[in-house]
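Survey of secondary and tertiary structure
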Amino acid sequence: MSKVYRFPENFLWGGATAANQFEGATREDGKGWTTADTAKYEPDPKLRMQQMLAPMTTEKVEAALNDQAGLYPKRYGVDFYHHYKEDIKLLAEMGFKTFRFSISWARILPNGDDDEPNEQGLQFYENVIDELLKYNIEPLVTISHYEFPLALSLKQNGWADRKTIAAFTHYAEILFKRFKGKVKYWISFNEMNFITMTGYLAGGILADKNGDQSETQVNYTAMHHQLVAAAQATKLLHEIDPAAQMGSMIARIENYPATSKPEDVMASVESDHANFLMMDVLANGEYPSYAKRLFADNHVTLDITPEDRQVLKENTCDFVSFSYYMSGIAGGEGEETAGNLMSTKKNPYLKTSDWGWQIDPVGLRVSLNKIYDRYHKPIFIVENGLGAKDELTADHQVHDDYRISYLHDHIEQIGEALEDGVDVIGYTPWGCIDLVSASGNEMSKRYGFVYVDQDDQGHGSLARYKKDSFAWYQHVIATNGTEL
Ligand code: BGP
């Protein structure tokens, strides 16, 4: 008999997506270009991550926009824009209590800083939200998920410029006013910690506009601007819709010490510092004491004004959230394996996914405990899942027992963490309906309970088919996690 876990009665079971990987329709209804629209499909898997993390330039942006022959999968996603009713119906059938999606800034403000919003953009998201509410599905909305209005990158180098804080808060204010009373859970930025590594993906930064500043300096400056913007947005949300809550979010990378050698343990502590930095600021209201040394080690100096400190202090987040896919290793030597936007060293105790990410359910419990010990705030696990190659049979089935096993083992560990006393309020596995991969711009890497008929070249009927995991997750939700 397997152990029975007790999840809170109102536990928010659901799934997660992001506009740039899911929606498509990038040229429709007045939307402006975004940074995600320049992500070209790279046929060689070995070069994909490199391409994703390489600094972007104005020249490369222009080439992408003028490229008639190239394949840019994030421009078409899986066409949620035209399938949202059908898709939400499937989520409702699974019994979803919540659905995480993001709003594309350039659909609301095509140039990023327009005075007036694009009504067609707002209407689309209102339709999505109303459709969710029709089925009693709580919307969980990310305001900025790996896409940025391209016009603002070209005009003021994205988040490198302090003016972007005002543009963002104007955009957020429009959303809060329009969706007041309808959206209770908001997340300011997706995986905030990656801005220090990936200026273009997370911050719309163009390397040729950095002047004589180092890339690291510019990325950290952008990080500070995002932190202030997140705190200002929290303030606005609480003023406009006091019942709503703002979450902060990071990509949690649980990096174990390579050995019990004290230096390896210290490397793991430092890895936590780098990983938690932005959440520490948004949850605790100030830069942590270790930040001084971290900035010095990176040769970074930040312009933190007294007003910045005040807004951060007075507007901490209501809940914390994170993505969790894998664990890694800090310190030591050894063979490398791939991971979520960064590689890590191999852990001999763990198996890996088809993409080399180390599968570690217990690591999720470790992270949940660490995060709760650190912040004492409710925790929303807003991404988790297995990217795998699925096979659609002739009769439109997908037997994804590997995905069921991954999710089963992670949900068990959430159950364990609940028993540890951790306040977990919800769980939204990533890519609940198949979508374009963030790092690889490919369709082959699938996470969903629902299969979408589309290949890496963008060919396919876009028909949606239920995988075996669909019925399994439906049962998990129906029994509130007591039957896994
Ligand atoms: C996270 C992102 C998502 C997402 C997921 C899986 O980093 O927030 O946007 O796609 O990882 O990553 P990938 O699609 O690269 O497998």
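Now for a quick tour of the structure. Everything numeric here is computed off the predicted structure, so don't read it as measured data. (Residues numbered from 1 in each chain as written. Predicted model: local features only at pLDDT ≥ 70, side-chain atom pairs only at ≥ 80, totals over all residues. Heavy atoms only, no water.)

Observations regarding the overall build of the chain
Within the chain, the regular secondary structure consists of 16 helices and 16 strands. Radius of gyration (C-alpha) of the chain: 21 Å, near the 23 Å computed for a compact globule of 484 residues. Reported as C-alpha extents along the three principal axes, the dimensions of the chain are approximately 60 × 55 × 50 Å. Across the 484 residues that make up the chain, the buried fraction comes to 61%. Of all intrachain contacts in the chain linking residues separated by at least 6 positions in sequence, the fraction that spans at least 24 positions is 77%. As presented, the chain carries roughly 18,600 Å² of accessible surface, and 50% of it is formed by carbon and sulfur atoms. The distance from the centre of the 46 positive side-chain charges to the centre of the 70 negative ones in the chain is 1 Å. (Helix = DSSP H or I, 4+ residues; strand = E, 2+ residues; numbered from the N terminus. Rg over C-alpha atoms; globule rule 2.2 N^0.38 Å. Buried < 20%, exposed > 50% of the residue type's maximum accessible area, 1.4 Å probe, protein only. Contact = heavy atoms within 4.5 Å. Areas by Shrake-Rupley, 256 points an atom, 1.4 Å probe, with all protein chains shown as cover. Lys, Arg positive; Asp, Glu negative; His and termini not counted. Charge placed at Lys NZ, Arg CZ, Asp CG, Glu CD.)

Observations regarding the environment of I414
In this structure, I414 sits in helix α15 (residues 401-419). Note: C-alpha distance between I414 and L65 (349 residues apart in sequence) is 44 Å. Excluding residues within four positions of it along the chain, I414 makes contact with F7, L364, L368, I381, V424 and Y427.

Comments concerning the sheet that holds strand β7 (residues 319-323)
Within a sheet, neighbouring strands are paired by backbone hydrogen bonds and run either parallel or antiparallel to one another. Within the closed barrel, the 8 strands sit side by side as β1-β2-β3-β4-β5-β7-β13-β14. Their pairing is parallel. Adjacent strand axes in the sheet meet at a mean angle of 30 degrees, parallel and antiparallel pairs treated alike. Bridge count between strand β2 (residues 98-102) and strand β3 (residues 138-144): 5 bridges; the pairing is parallel. Within β3, the residue paired with F99 across the bridge is P139. Contacting β4 (185-189) and β5 (245-251), helix α10 (residues 215-240) runs over the sheet at an angle of about 160 degrees to β4. (Pairing = 2+ DSSP bridges. Axes fitted to C-alpha atoms, helices over the stretch in contact; angles between N-to-C directions.)

A closer look at a nonpolar patch on the surface
Taken together, the side chains of V265, M266 and V269 define a hydrophobic patch exposed on the protein surface, amounting to about 210 Å² of accessible area. Turning to its location among the elements, V265 is positioned in helix α11 (residues 262-284). (Patch = residues over 30% accessible without salt bridge, like charges linked within 9 Å, V, L, I, M, F, W, Y side chains within 5 Å. Salt bridge = Lys/Arg side-chain N within 4 Å of Asp/Glu carboxyl O.)

Concerning the environment of P73
With respect to the element layout, P73 can be found in the loop between α3 (58-66) and α4 (80-94). Relative accessible area serves as the criterion here: at 2%, P73 is assigned to the buried category. Sequence-wise, P73 and Q457 are 384 residues apart; in three dimensions their C-alpha atoms are separated by 8.0 Å.

Looking at the packing of aromatic side chains
Counted under the stated rule, the structure contains 34 aromatic pairs. Measuring from centroid to centroid gives 6.4 Å for W13 and Y427, while their planes differ by 85 degrees, and the two rings are edge-to-face. A residue pair is termed long-range when its members are at least 10 positions apart, and W13 in strand β1 (residues 12-16) and Y427 in strand β14 (residues 424-427) qualify at 414 residues. Across the pair, Y427 and W13 agree in class, each one buried. Here the aromatic residues F7, F11, W13, F96, Y427, F449, W472 and Y473 are joined through ring pairs into a cluster of three or more. Over the ring of W355 we find K389, and its NZ or CZ is 5.1 Å from the ring centre. Directly above the aromatic system of Y451 lies the positively charged group of R446, at a separation of 4.0 Å from the ring centroid. (Phe/Tyr/Trp six-rings, centres within 6.5 Å; stacked < 30°, edge-to-face > 60°. Lys NZ or Arg CZ within 6 Å of the ring centre and 35° of its normal.)

Some points on the layout of surface pockets
Taken as a whole, the largest pocket spans an internal volume of roughly 400 Å³. Along the wall of the largest pocket there are 22 residues; nearest its centre are M197, N255, S271, A274 and M342. Secondary-structure elements contributing two or more residues to the lining of the largest pocket are α11, β8 (327-330) and β10 (344-345). Among the elements that make up the lining of the largest pocket, the one with the highest residue count is α11 (5 residues). Class assignment for the residues of the lining of the largest pocket results in 11 nonpolar, 9 polar and 2 charged. (1 Å grid on protein atoms, 1.4 Å probe; cavity = no way out; pocket = protein on both sides within 12 Å on 5 of 7 lines; lining within 4 Å. Points joined across faces, edges and corners; volume = space filled by probe spheres on them. Nonpolar A, V, L, I, M, F, W, Y, C, P; charged D, E, K, R; others polar.)

Let's talk about the site of the ligand
Of all residues adjacent to the ligand, which total 15 residues, the nearest are E191, A438, S439, K445 and Y447. The separation between an oxygen atom of the ligand and a polar side-chain atom of S437 is 3.2 Å. When grouped by side-chain class, the residues that make up the shell around the ligand number 6 nonpolar, 6 polar and 3 charged. (Near = heavy atom within 4 Å. Polar contact = N/O pair within 3.5 Å; in protein donor to acceptor, adjacent residues only side chain to side chain.)

Examining empty space enclosed by the protein
Rolled over the atoms, a probe as big as a water molecule pinpoints where empty space is left. Per the stated rule, a full pass over the model turns up 5 cavities of 30 Å³ or more. Looking at the largest cavity, its volume works out to about 190 Å³. In the lining of the largest cavity, the residues fall into 9 nonpolar, 6 polar and 3 charged. Here the second largest cavity is characterised by a volume of approximately 110 Å³. Taken together, 16 residues form the lining of the second largest cavity, with P55, M56, G199, Y200 and E215 sitting closest to its centre. Residue assignment for the lining of the second largest cavity shows that the elements contributing at least two residues are α2 (45-53), α9 (199-203) and α10. No other element matches α9, which puts 3 residues into the lining of the second largest cavity. Across the lining of the second largest cavity, the residue classes tally to 11 nonpolar, 4 polar and 1 charged.

Focus: the pattern of salt bridges
Enumeration over the complete set of coordinates arrives at 35 salt bridges. Between K46 and D44 there is a salt bridge, with its nearest N and O atoms 3.8 Å apart. Using a relative accessible area of 69% as the deciding quantity, one classes K46 as exposed. Beyond isolated ion pairs, a larger network of salt bridges with shared partners links D390, D400, R403, D434, R446 and K467.

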